[in-house]
Amino acid sequence: MSKNINITVVGYPSTFSFVVDKPLPAFKYGCEVRRKLLQEAMELQQIESPFHEYDDYVVEEIDVTPNGDEHWHLGS
């Protein structure tokens, strides 16, 4: 049974959260799995992004909490 992972996007373009219910691969800059999850969450939550399309964003770095949740820092 996989553990839900709470994802928090920090600051840019907005701070928002969502839950992932499947294991994520080891992080590498521009991870396509995370990028797809990010785009889906932005669309679902209708995150305001006045200067970029959702597919312009990339997960540049992450911080993993002691319980395995992730804080994502984005770039575009």
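Before reading on, note that the structure itself is shown above.
Note that the structure is predicted; figures quoted are calculated from it, not measured.

**Q** Help me out: how do you make sense of the packing of aromatic side chains in this one?
**A** The geometry of an aromatic ring pair is captured by two quantities: the separation of the ring centres and the angle between the planes. Per the stated rule, a full pass over the model turns up 3 aromatic pairs. Relative to W72, the ring of F18 lies with its centre 5.6 Å away and its plane at 80 degrees, an arrangement referred to as edge-to-face. Of the two residues, F18 sits in strand β2 (residues 16-20) while W72 sits in strand β4 (residues 70-75), which places them 54 residues apart along the sequence. With relative accessibility at 13%, the residue F18 sits in the buried group.

**Q** Explain the side chain of S49 here, please?
**A** Summarising the element assignment, S49 is placed in the loop between α1 (32-45) and β3 (58-64). Using a relative accessible area of 17% as the deciding quantity, one classes S49 as buried. Polar contacts involving the side chain of S49 include one to the main-chain carbonyl oxygen of H52, which spans 2.6 Å. Reaching out from S49, the side chain makes a polar contact with the side chain of Y57 at a distance of 2.6 Å. Leave out the neighbours within four places in its chain, and S49 touches Y54 and Y57.

Thresholds, definitions, all that
Residues numbered from 1 in each chain as written. Predicted model: local features only at pLDDT ≥ 70, side-chain atom pairs only at ≥ 80, totals over all residues. Heavy atoms only, no water. Phe/Tyr/Trp six-rings, centres within 6.5 Å; stacked < 30°, edge-to-face > 60°. Helix = DSSP H or I, 4+ residues; strand = E, 2+ residues; numbered from the N terminus. Buried < 20%, exposed > 50% of the residue type's maximum accessible area, 1.4 Å probe, protein only. Polar contact = N/O pair within 3.5 Å; in protein donor to acceptor, adjacent residues only side chain to side chain. Contact = heavy atoms within 4.5 Å.

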